[in-house]
Amino acid sequence: MSSVELDAHAVVDILRAEGSDVADIEAKSAAGGYPEGLAPTLSAFGNLPGGGVVVLGLAESDGFAARGVYDVPDAKRRLAAQARDAVRPPLRVTFEDAPVDGQTVVIARVAELRSSDKPCIVTATGRAYLRSYDGDYRLSEQEVAAFVAERHTPRYDREPVPDSRPADLDPLLVASYLAAVRARSPRLALMPDDDVLRHTRVLHRTGELTLGGLYALGAYPQEFVPTLAISARVAPQRNDPPGTRSADLAHFDGPLPELLDQAVAWVRRNTATRVRFGPDGHGRDEPAYPSEALRELIANALVHRDIGPHALGERVHLVLEADRLVITNPGGLFGLSVDQLGLRQGGSARNQSLYDILKDVRTVDGRRVIEGVGTGIAAAQSALRDAGMTPPQFLDAAIRFTAIVPQHALLDREDLAWVAGLPVTADLTDAQRHALVAMRHGKVWTNREFRETFPMDSTQARAQLSDLTSRGLVVARGERGARTYRLDPAADVPLAMRTPSLLDAVEAHHEAAARAATAPRPGARANSTANADRIIAAIGAGSASRAEIVVNTGLSDRQVSYGLERLRDAGQVRVLGGRGVAGTRYELTT
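Conventions and cut-offs
Residues numbered from 1 in each chain as written. Predicted model: local features only at pLDDT ≥ 70, side-chain atom pairs only at ≥ 80, totals over all residues. Heavy atoms only, no water. Helix = DSSP H or I, 4+ residues; strand = E, 2+ residues; numbered from the N terminus. Contact = heavy atoms within 4.5 Å. Areas by Shrake-Rupley, 256 points an atom, 1.4 Å probe, with all protein chains shown as cover. Pairing = 2+ DSSP bridges. Axes fitted to C-alpha atoms, helices over the stretch in contact; angles between N-to-C directions. Salt bridge = Lys/Arg side-chain N within 4 Å of Asp/Glu carboxyl O. Parallel < 35°, antiparallel > 145°, perpendicular 65-115°, else oblique. Left-handed = near helix turned anticlockwise from the far one by under 90°. Buried < 20%, exposed > 50% of the residue type's maximum accessible area, 1.4 Å probe, protein only. Lys, Arg positive; Asp, Glu negative; His and termini not counted. Polar contact = N/O pair within 3.5 Å; in protein donor to acceptor, adjacent residues only side chain to side chain. Core = buried A, V, L, I, M, F, W, Y, C linked by side-chain atoms within 4.5 Å.

> I'm lost on the overall build of the chain in this one. Help?
Looking only at helices and strands, one finds 20 helices and 24 strands in the chain. Restricting to contacts in the chain with at least 6 residues of sequence separation, those with at least 24 account for 63%. Element-wise, carbon and sulfur atoms account for 51% of the exposed surface of the chain, whose accessible area totals about 26,500 Å².

> What is the right way to look at the sheet that holds strand E6 (residues 93–100) in this model?
Two pairing modes exist for strands in a sheet, parallel and antiparallel, and in both the strands are linked by backbone hydrogen bonds. Judged by pairing direction, the sheet is mixed, and its four strands sit side by side in the order E1-E2-E7-E6 without closing on themselves. Each having just a single partner strand, strand E1 (25–28) and E6 make up the two edges of the open sheet. The mean angle between the axes of side-by-side strands here comes to 20°, regardless of whether they run parallel or antiparallel. Pairing geometry for E1 and strand E2 (residues 52–56), over four bridges, is parallel. Across the sheet, residue Lys-28 finds its bridge partner in E2, namely Leu-56. Sheet strands in contact with helix H3 (residues 72–85) are E2, E6 and strand E7 (103–110), and its direction is about 150° off that of E6.

> Even after reading the chapter, I still don't get the pattern of salt bridges, so can you show me in this structure?
Where side chains of opposite charge bring their charged atoms close, a pairing between them can arise. A complete count under the given rule lists 26 salt bridges for this structure. Arg-109 serves as the salt-bridge partner of Glu-96, at 2.9 Å between the closest nitrogen and oxygen. Of this pair, Glu-96 sits in strand E6 while Arg-109 sits in strand E7, placing them 13 residues apart in sequence. Salt bridges here are not isolated pairs; linked through shared partners, they connect Glu-26, Lys-28, Arg-131 and Asp-136.

> It is not clear to me how the packing of helix H10 (residues 291–303) against helix H12 (residues 376–386) should be interpreted in this structure. Could you clarify?
Relative placement of two packed helices is described by the angle separating their axes and the distance separating the axes. Between H10 and H12, the least distance of the axes is 8 Å, while the angle of their chain directions is 150°. Compared by their axis directions, H10 and H12 come out roughly antiparallel. Between H10 and H12 lies a crossing whose hand is left-handed. The residues of H12 that touch H10, namely those facing Glu-292, Ala-293, Glu-296, Leu-297 and Asn-300, are Gly-376, Ile-377, Ala-379, Ala-380, Ala-383 and Leu-384.

> Is there a simple way to think about the side chain of Asp-168 in this case?
Position of Asp-168 relative to the elements: it lies in the loop between helix H4 (141–149) and helix H5 (171–184). One buried charged side chain, Asp-168, makes no salt bridge at all; its nearest oppositely charged neighbour is Arg-165, positioned 4.4 Å away. With near-sequence residues (within four places) excluded, Asp-168 lies in contact with Asp-163, Leu-209, Gly-218, Ala-219, Tyr-220, Glu-223 and Phe-224.

> Help me understand the environment of Asp-101 in this model?
Note that Asp-101 resides in the loop between E6 and E7. Residues Asp-101 and Ala-65, 36 residues apart in the sequence, show an inter-C-alpha distance of 8.3 Å. If sequence neighbours within four positions are ignored, Asp-101 has contacts with Arg-16 and Ala-66. Within the structure, the side chain of Asp-101 is placed 2.8 Å from the side chain of Arg-16, a separation counted as a polar contact.

> Explanation requested: unusual backbone geometry in the structure shown.
The phi torsion of most residues other than glycine is negative, and most of the peptide bonds are trans. For the peptide bond that leads from Arg-88 to Pro-89, omega is -5°, which places it in the cis range. For the bond running from Lys-118 to Pro-119, omega is 5°, close enough to zero to count as cis. Topologically, Pro-119 is positioned in the loop between E7 and strand E8 (121–122). Even without glycine at this site, Phe-64 takes up a positive phi of about 60°. Within the secondary structure, Phe-64 is located in the loop between strand E3 (58–59) and strand E4 (65–66). Residue Asp-101 is not a glycine yet carries a positive backbone phi of 50°.

> How do you make sense of the packing of helix H9 (residues 256–269) against H10 when you look at a structure like this?
Where H9 contacts H10, the axes come no closer than 10 Å and their chain directions differ by 135°. With respect to H10, the element H9 is oriented oblique. For the pair H9 and H10, the crossing hand works out as right-handed. Residues Leu-256, Leu-259, Leu-260, Asp-261, Ala-263, Val-264, Val-267 and Arg-268 of H9 lie in contact with H10, whose contacting residues are Ser-291, Leu-294, Arg-295, Ile-298, Ala-299, Leu-302 and Val-303.

> Looking at this model, I keep getting lost on the nonpolar core. Mind explaining?
Note on soluble globular proteins: their nonpolar side chains tend to be buried together. Within the largest apolar cluster, 69 residues are counted, with the highest numbers of intra-cluster contacts made by Leu-217, Trp-266, Tyr-289, Ile-298, Leu-302, Leu-318 and Leu-358. Leave out the neighbours within four places in its chain, and Leu-217 touches Leu-169, Asp-170, Leu-173, Val-174, Tyr-177, Val-202, Pro-255, Ile-357 and Val-361. Among the nonpolar cores identified, the runner-up in size contains 29 residues, and Leu-56, Ile-121, Phe-147 and Ile-399 belong to it.

> Explanation requested: the sheet that holds strand E20 (residues 474–477) in the structure shown.
Here three strands make up an open sheet; going across it, the order is E19-E21-E20 and the pairing antiparallel. Of all strands in the sheet, those with a lone pairing partner are strand E19 (445–446) and E20, marking the two edges. Pairing of E20 with strand E21 (residues 484–487), which is carried by four bridges, proceeds in the antiparallel orientation. In the strand pairing of E21, Val-474 is matched with Leu-487. Lying over the sheet, helix H14 (residues 430–440) contacts E19, E20 and E21, oriented at roughly 75° with respect to E21. Where helix H16 (residues 458–470) meets the sheet, it contacts E19, E20 and E21, and its direction lies at approximately 120° from that of E20.

Have a look at this one:
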């Protein structure tokens, strides 16, 4: 949901939770007068899909505290005048006065321009802007050209590629393509090969290949257009040595079907299996990303990328971060908005001729590159949902489009058993399950941390955290904008057994166990406790898992976890792995 559609308090909550301006919200202090420098922001919001929100009366330097507006009617009048005269074309702005912490702030909602009117330009300078998270950046000439190109239905995929010829097509792909076309079309079935290729816009009437035909069926499209390709890299991991830039940097070439296969194989090679939760609450090892979701999202980036001359300086990019896959392609959405993704069928192909060709193109395993009914995003969302995973996050920046697919840390068997034993967890999201396990190990969540770890917007994060609270699994503390969420100490007590006295006893038990895990023993060395000594003895000269330490010491899991954390902080224990990572073990440092 765009911030333009949120109420005033939700907008303020997002700013305070984020701690800075965001892509579609800009806050300005206006207690001492009308703020300067708003024209670039207005230009950026006019160009941004969904528009944006300007908030007058909040002090970003003071945690977005409400300071009020010097003169509400005058501030609205001046902002409206800027939207009318300081940029062209003029922008439509609606206003709302909102009480926040006893002060009045002004919420100005700036509507996105129509594609036929973009880009929005600052009148005084002739420059156009777009948002980059919390700031405005000036558009390059190529980016301005991309906006201008969006004023009309793109037809670049039908343009001839100079110096290309039918011999530049891949014979195996063409043979399969012709067979598929003839099987579905009785009229085309009677025509010679060249006529079929011309009528389906693989060949131009000049005898050269079309750009769409080259991209879909060419033997080596990169001979003519080097950037019809994919660049992929694994981002540095937390435990990588300082200065590490990337791992397994790869560049994929060939026709689009091969690009798709290579990219999917690369992701598989660079990701471990993950735990998938079944209806019974138990986890099973499966690929980190469901195959159907992975194929559909990468295919979407390849098929719907902008292939106009202004965009041919960019490739499709894949980045595997520690906890997510990021897929970015040049060109924003065409013919629909982010909110409509997965809800509509057909009618939104940026490259219609390429799209039509690919309906009859198959990869080496015999699968169609696309089904051709406009349901790819819906299929990806469904595959992730069926796997219990967080849905992908889509970011449309008008001149580029990004899909972010979370991959959460693998859970060890002990944590899996703990989650399965919790009440009312069968229908939790994957994000909620992983968040609960992190809380089990002492993590305290904020809205911002939750949505950064499991990509989603602030409203979605608040809904999922509130759901955990309403289920009695999580305790929320603090006021709006500074609220924290931690595990309810009685979360693992069956609902039927929950009574006030029992809950109090459970909380008191956990507090006592935590104190006991680090209570100093007379005569013991610094940073050593009775429980710590038992843990050290259980680890011995080799290494041990947490589960093994629990068995060998007779301590509770919570006591062992707490003791290990203290020993690690004291430098007496080294962690071989990481929290929440299957197979993690512990060894003594001396």
